[in-house]
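These are the residues of each chain, in order.
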Amino acid sequence: MKAPTRRALAKQQTRAKVLAAARRLFSEQGYEGATIRDIAAAAGMSTGAVFANFTDKSDLFREIMLTDMAALAEAMSEAAAQGNGVEDALLKIFVAGYRFYQTQLPLARAAFSVGWSPEDGPALRNAPPVKLLLGLITTQLERGEANGELTQGSASALRTQMLFDSYLANYDQAIFQGWTLDALQERSREQISILLAGSRRR
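Let me begin by describing the structure that accompanies this report. (Residues numbered from 1 in each chain as written. Predicted model: local features only at pLDDT ≥ 70, side-chain atom pairs only at ≥ 80, totals over all residues. Heavy atoms only, no water.)

### Overview of the overall build of the protein
- Secondary structure assignment for the protein yields 11 helices and zero strands.
- The secondary structure elements of the protein, listed N-terminal to C-terminal, are α-α-α-α-α-α-α-α-α-α-α.
- Across its three principal axes, the protein shows a C-alpha extent of roughly 65 × 45 × 30 Å.
- The proportion of buried residues among the 202 residues of the protein is 41%.
- Taking as baseline every contact in the protein between residues at least 6 positions apart, the subset at least 24 positions apart corresponds to 68%. (Helix = DSSP H or I, 4+ residues; strand = E, 2+ residues; numbered from the N terminus. Buried < 20%, exposed > 50% of the residue type's maximum accessible area, 1.4 Å probe, protein only. Contact = heavy atoms within 4.5 Å.)

This is the structure we're talking about:
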């Protein structure tokens, strides 16, 4: 395998600087507030250098989010492996997500803003890392079926989506109401219990 050329290394360094500056400004000013000009200035380079690496602001933001979501999926998977049964595993998945964004809630808020925009939202909502997160929930439900905790058919696409939607909905309390991790955990525990109530084996 050939070592990267000096030019390739310089390009990687430029991308890293732009991404770091963009992450900070998106966190401080939100998606709409941060401009390419601001990001370039924060990275100490021209706007041309930014556009040489990213198509536009949405392309830049999407790369940050996809990187985060891949790391998030890994953290959630590790948390699920420590679960004692399906409900506990799902709870640990939820809490791992809230802990991941606990120190960067403004960035999470920007992600929701972009995620539901008609222009940029579909690409973010349908990105492979999002499917990984949904698949992780489905896996826990299937394990619940296999070990006899849940009835067959519990791992439906609808139940997976409802659990994922509940996970996302709690960011409202975290971002706008300042809920603690403990409060989010208790709310998640109740949500998961309710959503699995009809599928538990008696």
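### Describing the layout of surface pockets
- By volume, the largest pocket amounts to about 460 Å³.
- If you list the elements that add at least two residues to the lining of the largest pocket, you get helix 4 (57-80), helix 6 (105-115), helix 7 (121-125), helix 8 (128-146) and helix 9 (157-169).
- Tallied by class, residues from the lining of the largest pocket come to 16 nonpolar, three polar and two charged. (1 Å grid on protein atoms, 1.4 Å probe; cavity = no way out; pocket = protein on both sides within 12 Å on 5 of 7 lines; lining within 4 Å. Points joined across faces, edges and corners; volume = space filled by probe spheres on them. Nonpolar A, V, L, I, M, F, W, Y, C, P; charged D, E, K, R; others polar.)

### Comments concerning the environment of Ala96
- If you trace the backbone, Ala96 turns up in helix 5 (residues 86-101).
- Residue Ala96 is classed as buried on the basis of its relative accessible area of 10%.
- Residues Ala96 and Glu74 lie 22 residues apart in sequence; the distance between their C-alpha atoms is 9.8 Å.
- Once residues lying within four places of it in the same chain are set aside, the contact partners of Ala96 are Leu72, Ala75, Met76 and Ala79.

### What about the environment of Leu168?
- Tracing the chain through its elements places Leu168 in helix 9.
- In this structure the C-alpha to C-alpha distance between Leu168 and Gly97, which are 71 residues apart in sequence, comes to 9.4 Å.

### Thoughts on the pattern of salt bridges
- Scanning all chains against the criterion turns up seven salt bridges.
- Ionic pairing is found between Arg23 and Asp68, a salt bridge with its closest N-O pair at 2.7 Å. Note that Arg23 is positioned in helix 1 (residues 6-33) and Asp68 in helix 4, a separation of 45 residues in sequence.
- The exposure class assigned to Arg23 is partly exposed, which follows from its relative accessible area of 26%.
- Its salt-bridge partner being Arg62, residue Asp59 comes within 3.7 Å of it at the nearest N-O pair. Of this pair, Asp59 and Arg62 both sit in helix 4, three residues apart, roughly one helical turn.
- Exposure remark for Asp59: the relative accessible area of 19% places this residue in the buried category.
- Take Arg62: its relative accessible area is 26%, and that puts it in the partly exposed class. (Salt bridge = Lys/Arg side-chain N within 4 Å of Asp/Glu carboxyl O.)

### As for empty space enclosed by the protein
- The full count for this structure, using the stated rule, is one cavity of 30 Å³ or more.
- Put simply, the largest cavity is a space of about 40 Å³.
- If you go around the largest cavity, the residues you meet are Met76, Ile93, Phe94, Leu133, Ile137, Phe164 and Tyr167.
- Sorting the residues of the lining of the largest cavity by element identifies helix 5, helix 8 and helix 9 as the ones contributing at least two each.

### Concerning the packing of aromatic side chains
- Under the criterion given, the structure shown has 11 aromatic pairs.
- Between Tyr98 and Tyr167, the ring centres sit 5.1 Å apart and the planes meet at 25°, which makes this aromatic pair stacked. One end of the pair, Tyr98, is in helix 5; the other, Tyr167, is in helix 9, and 69 residues separate them in sequence.
- Members of the aromatic cluster, joined through ring pairs, are Phe94, Tyr98, Phe100, Tyr101, Phe112, Phe164, Tyr167 and Tyr171.
- Across the ring face of Tyr31, the terminal group of Lys57 is positioned such that the distance to the ring centre comes to 4.5 Å. (Phe/Tyr/Trp six-rings, centres within 6.5 Å; stacked < 30°, edge-to-face > 60°. Lys NZ or Arg CZ within 6 Å of the ring centre and 35° of its normal.)

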